[in-house]
Amino acid sequence: MKILHTSDWHLGKKLDDFSRMEEQQAVLQEICEIADREQADAVLVAGDLFDTFNPPTEAVDLLYKTLKRLTNNGRRPVIAIAGNHDSPDRIEAPDPLARECGIIFAGYPNSRVAPFELDSGLKVLQSEEGFLELQLPETTVPLRILLTPYANEYRLKTCLEVENSEDELRAVLQKKWETLAEHYCDETGVNILVSHLFMVRKGDELPEEPEDEKPILHVGGAQAVYTENIPAKVQYTALGHLHRMHRVDNNSNPVYYSGSPLSYSFAEANQKKYVLLVDAEPGQTAEIREFELNSGKRLLRKRAEGMEDALQWLSENEDALVELTLVTETYLNATDRKQLNKAHAGIVTIIPEVTNPDSSVGNQQKQIDLSRSMEELFRDYFMHEKGQEPNDDLKNLFTEILAEEEQ
C-alpha cells in the first residue's frame, strides 16, 4: 500500500503583499502528478489546508479542485484534517458532497466519518470518533487511520475532556489512541496515525515553530506530545504543523512531519520542500521515500554591502523572493528604493543597516532591527518604556494577541 503524506498547504497565504496563489497552484499540480506517477493508494493532508479561518474564494476553489483531482475519480481516498489555521466547521461543511468524490474531512478530535461506499470500490468498513477503517479499490488489505485534528484548549476540554495539565493531555491522547489501536489495529491491515500536533521525542529540545505561524505551544493552545505516546501498533505517524520536513524519532515505526510544500517565511529561506510516500504492508516497518518539490519560488536572504553589491546580486537571483539587508552609511532615500525595486520585482523587504546614522539629518534615534521577531521587539520596547522586562503573563498575552491577529 502506498500512502502520500503532505500538509500545511496554507492556501491563500501571502508573503507581506506578495500573493503566493500562482505558486500554490503549481506546487499542488506537482503533488497531483507525483500521486498519479507513483500510483498512490491514498493521500493524507495533515492540517492547515487554509491560512485563515475565512480564506479567499480562490483558495477554497483551489482546495476542492486539487482534492478532487487527487481522488482519481474516487479510486484514491483523500483524508484531510483541520490544523490550527483552519476552521473545523468550514473544513467539514462540504462533507456529504465530498464523500461522494472520495474526500474525507475531519475537523475535530472527536469527528466521526459517516459510512459510505462508492462504485469505485472505496468503502468505509468501520468508523467511530477519531478512527476510520477503509477498504481501498486497489488493495486487498484494509487501511486503519487514527484521526486527531488540531485541538486548542477549548476543543481539548469539550472533545477530549482535558483540562490544562500537559501530563493529562498526553495521558488522554495516549489512552484514546491505545484503546482504538487495541480494538481495531492488528497485523491484517495497515495502521496509520494522522494528526496536527506539536510532537517531539521525550527529552529532545523543542524545535521552533514556523515564523508567522500561529503557535500551538502557548496559553490557550496545546502542549507538546511525545512519540512514546503513540501506540506500538501504529506503523506510521503523519504529522502537520512544522514546515520543515523531518523525522521526529528514529524508532522502528516512523514519525514524520512532511513540511509545507512552499517556503512561507524567510525563516525557511533555502529550505527544500517535499511530499512523502509511505510504502506500508501489514506487520512490516513502513518505508519512506522523499519527493522534492520544485514549483515554488526560492526565498532568499541577502546582506549587501552597498548599492552596487545589492544590484549585482539581485541581477543574479531574479527568480526569487528576497529579503534584502542593505549596509549603507546613511539611510536609504526614495531614489535608492526605486532603483532597487526596478532592478528586481521580488523584493519583499528592505532592511536598512546604517553604519553612520548620525550623519542623517533629523535622525538621531537608535536603529530598529526589523529582522528580529515581534516578541523580541516587544520586549525591547517594554524595557525602554518601563525599565524592566515584561513578566511571563504579559509575554503570553502578547503571543496570544499576535495569534489572534493572524487569524
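Residues numbered from 1 in each chain as written. Predicted model: local features only at pLDDT ≥ 70, side-chain atom pairs only at ≥ 80, totals over all residues. Heavy atoms only, no water.

Turning next to the overall build of the protein. Helix and strand counts for the protein come out as ten helices and 20 strands. Out of the 407 residues in the protein, the part that is buried amounts to 53%. Looking at the protein alone, contacts between residues at least 24 apart form 67% of all its contacts between residues at least 6 apart. If you sum the accessible surface of the protein, you get close to 19200 Å²; carbon and sulfur atoms cover 44% of it. (Helix = DSSP H or I, 4+ residues; strand = E, 2+ residues; numbered from the N terminus. Buried < 20%, exposed > 50% of the residue type's maximum accessible area, 1.4 Å probe, protein only. Contact = heavy atoms within 4.5 Å. Areas by Shrake-Rupley, 256 points an atom, 1.4 Å probe, with all protein chains shown as cover.)

Attention now goes to unusual backbone geometry. For Asp8, which is not glycine, the phi torsion reads 55 degrees and is therefore positive. Along the chain, Asp8 turns up in the loop between β1 (2-6) and β2 (14-15).

Turning our attention to the nonpolar core. A general tendency of soluble globular proteins is for nonpolar side chains to be buried together. By size, the foremost hydrophobic cluster in this structure holds 34 residues, and its most contacted members are Leu4, Trp9, Leu67 and Leu70. For this core, the elements supplying multiple residues, two or more each, are α1 (21-37), β4 (42-45), α2 (57-70), β5 (78-81), β6 (103-106), β16 (273-279) and β17 (287-293). A per-element tally of this core places α1 first, with seven residues. By size, the runner-up hydrophobic cluster in this structure holds 32 residues, among which are Ala106, Leu134, Leu136 and Leu276. (Core = buried A, V, L, I, M, F, W, Y, C linked by side-chain atoms within 4.5 Å.)

With the rule as written, the count across this model stands at three aromatic pairs. Summarising the aromatic geometry, the rings of Phe131 and Tyr184 are spaced 4.0 Å apart at their centres and angled 10 degrees between planes, so their arrangement reads as stacked. Taken together, the residues span a long stretch of sequence, with Phe131 in strand β8 (residues 131-135) and Tyr184 in helix α6 (residues 166-184) at a distance of 53 residues. The buried category is assigned to Tyr184, whose relative accessible area is 10%. (Phe/Tyr/Trp six-rings, centres within 6.5 Å; stacked < 30°, edge-to-face > 60°.)

Now for the environment of Asp36. One can find Asp36 in helix α1. Relative accessible area serves as the criterion here: at 34%, Asp36 is assigned to the partly exposed category. Asp36 sits 40 residues away from Arg76 along the chain, and the two C-alpha atoms are 9.9 Å apart. Leaving out residues up to four positions away in the same chain, Asp36 has contacts with Arg69 and Arg76.

Turning to the sheet that holds strand β13 (residues 236-239), a few remarks are in order. The strand order across the open sheet built from seven strands is β7-β8-β9-β10-β13-β15-β14, with neighbouring strands paired in mixed fashion. With one partner strand each, in any of the chains shown, β7 (123-128) and β14 (246-249) form the two edges of the open sheet. Here the strands of the sheet are splayed against their neighbours by 25 degrees on average, with no regard to which way each runs. Examined bridge by bridge, β7 and β8 share five bridges and lie antiparallel to one another. Among the inter-strand pairings, Val124 is bridged to a residue of β8, identified as Leu134. (Pairing = 2+ DSSP bridges. Axes fitted to C-alpha atoms, helices over the stretch in contact; angles between N-to-C directions.)

Given a rise of 1.5 Å per residue, 17 residues ought to cover 24 Å, and the 24 Å separating the end C-alpha atoms of α1 matches this to within 8%. Looking at α1, one finds that the buried residues are Met21, Glu23, Gln24, Val27, Leu28, Glu30, Ile31, Cys32, Ile34 and Ala35. Residues of α1 that are buried in the fold lie against β1, β3 (18-19), α2, β16, β17 and β19 (320-328). With its phi angle positive at about 55 degrees, Gln39 sits one or two positions after the end of α1. (Expected span 1.5 Å × (residues − 1).)

Okay, the environment of Lys68 next. Along the chain, the position of Lys68 falls in helix α2. Along the primary structure Lys68 and Ala98 are separated by 30 residues, whereas in three dimensions their C-alpha atoms are 8.4 Å apart. Among residues more than four places away in sequence, those in contact with Lys68 are Asn73, Cys101 and Ile103.

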